[in-house]
Amino acid sequence: MTRPQLSIVIPAYNEARRLPETLSHLNRWFRSTTLRTEVVIVDDGSTDGTAKVAREAGGEGISLLRHTPNRGKGYAVRRGMLAARGERRLMTDADLSTPIEELPRLMRELDHGAAVAIGSRAVAGARIEVHQPAYREAMGRVFNRLVQLLLLPGLKDTQCGFKLFTARAAAEAFGACRLDGFSFDVEALFVARRRGRRIVEVPVVWRNDEASRVSLGGGGAAFADLFRIRFLAWRGVYGPAAASEAAGGGEPGPST
Ligand SMILES: Nc1nc2c(ncn2[C@@H]2O[C@H](COP(=O)(O)OP(=O)(O)O)[C@@H](O)[C@H]2O)c(=O)[nH]1
Ligand SMILES: [Mg+2]
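Residues numbered from 1 in each chain as written. Chains lettered and ligands numbered in written order. Predicted model: local features only at pLDDT ≥ 70, side-chain atom pairs only at ≥ 80, totals over all residues.

Topic: the overall build of the protein chain
The secondary structure content of the protein chain amounts to nine helices and nine strands. Here the C-alpha atoms of the protein chain give a radius of gyration of 17 Å, agreeing with the 18 Å that 2.2 N^0.38 yields for 256 residues. Along the longest, intermediate and shortest principal axes, the C-alpha atoms of the protein chain span 50 × 40 × 35 Å. Within the span of the protein chain, comprising 256 residues, buried residues form 41% of the whole. Considering only contacts within the protein chain whose residues lie at least 6 apart along the sequence, 80% involve residues at least 24 apart. (Helix = DSSP H or I, 4+ residues; strand = E, 2+ residues; numbered from the N terminus. Rg over C-alpha atoms; globule rule 2.2 N^0.38 Å. Buried ≥ 20, exposed ≤ 12 C-beta atoms within 10 Å, placed from the backbone. Contact = placed C-beta atoms within 7 Å.)

Structure follows, in structure tokens:
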């Protein structure tokens, strides 16, 4: 089979209710694009019939990976990104909080040479149509302060679930990742930048879906994981830093 130009990786934990609408929306969107596309759904130990829904909606170009028990969003995305075959690989949440219609903005950045384009709610031009609860937004701001301080200076939102990688950047970054929880985005971006890959933050639309699977405990663990990434980097787990990273964090300018 010819290689897909785009893989859409969807981590799914108990998404039987949200997945059908998401998949039918994606199917409609496929008709508007000429890209050869595959969808990879990763059922992360769901107990609610997610796999059945995915199989029923499935068809050509939709594949399902399953594991039990639940391992976390990081594990699910990593598995999907490494199994995907597309020349470019998008990870997106099952609730399409960032609509798939935003994809061309990210594609454009890869056309212009970026290795990774990440959807962002915190840069000029972003449009938050439905906000997260105030405590999540506040926690997100504190989290980002720490992310920038410890690991990724200059990136204002690493937690939006909509990110596009070239095949090479995806294999490189996710191949080196260790974390299964919610800091996996930070880890993948940290590794990508360490290898000297250019990351661009792109303003996107966000419509929060209140049916969140994120628990407060999971949020706490995410903070601890930031220190873990620093520690693993110090231990050499992510390999040596590329010259451009060692010289000061990759490309100059606000978009890195
Ligand atoms: N919370 C959570 N989400 C997971 C897990 N594994 C995969 N996911 C997926 O991660 C995505 C984001 O989850 P969501 O609850 O919408 O997060 P939120 O929008 O940040 O509150 C969804 O596609 C989930 O199905 C997991 O173990 N826990
Ligand atoms: Mg959500």
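A look at the confidence of the model for the protein chain
A residue-level look at the protein chain finds 94% of positions with pLDDT of 70 or above and a mean pLDDT of 92. Confidence over residues 246-256 falls short of pLDDT 50; this stretch has 19 contacts with residues more than four positions distant or in other chains. (pLDDT = per-residue confidence, 0-100.)

Remarks on the site of ligand 1
Taken together, the neighbourhood of ligand 1 is formed by 17 residues, with Tyr13, Asp44, Ala94, Ser212 and Arg213 sitting nearest. Secondary structure elements with two or more residues in the shell around ligand 1: strand 1 (6-12) and helix 3 (73-83). Classifying every residue of the shell around ligand 1 gives six nonpolar, five polar and six charged. (Near = placed C-beta within 6 Å. Nonpolar A, V, L, I, M, F, W, Y, C, P; charged D, E, K, R; others polar.)

Focus on unusual backbone geometry
Between Thr68 and the following residue, Pro69, the backbone shows a cis peptide bond with an omega angle of -5 degrees. Positive phi, normally seen in glycine, also occurs at Asn14, with a value near 55 degrees. Position of Asn14 among the secondary structure elements: in the loop between strand 1 and helix 1 (19-30). A count of 19 C-beta atoms within 10 Å places Asn14 in the partly exposed class. In this structure, Leu96 takes a positive phi of about 45 degrees despite not being glycine. Relative to the elements of secondary structure, Leu96 occurs in the loop between strand 4 (88-92) and helix 4 (103-111). A tally of 21 C-beta atoms within 10 Å means that Leu96 is categorised as buried.

Quick look at helix 7 (residues 184-194)
Among the eleven residues of helix 7, eleven are classified as buried, and the element is accordingly described as predominantly covered. Among all positions of helix 7, only Phe184, Asp185, Val186, Glu187, Ala188, Leu189, Phe190, Val191, Ala192, Arg193 and Arg194 are buried. Taken from the residues just after helix 7, Gly196 is the one with a positive phi, measuring 85 degrees.

Focus: the packing of helix 3 against helix 6 (residues 167-176)
Their axes nearest at 9 Å, the elements helix 3 and helix 6 cross at an angle of 140 degrees. Judged by the sense of rotation from one axis to the other, the crossing of helix 3 with helix 6 is left-handed. Facing helix 3, whose interface residues are Arg78, Met81 and Leu82, helix 6 presents Ala170, Ala171, Phe174 and Gly175. Looking at the contact of helix 3 with helix 6, its residues break down into five nonpolar, one polar and one charged. (Axes fitted to C-alpha atoms, helices over the stretch in contact; angles between N-to-C directions. Left-handed = near helix turned anticlockwise from the far one by under 90°.)

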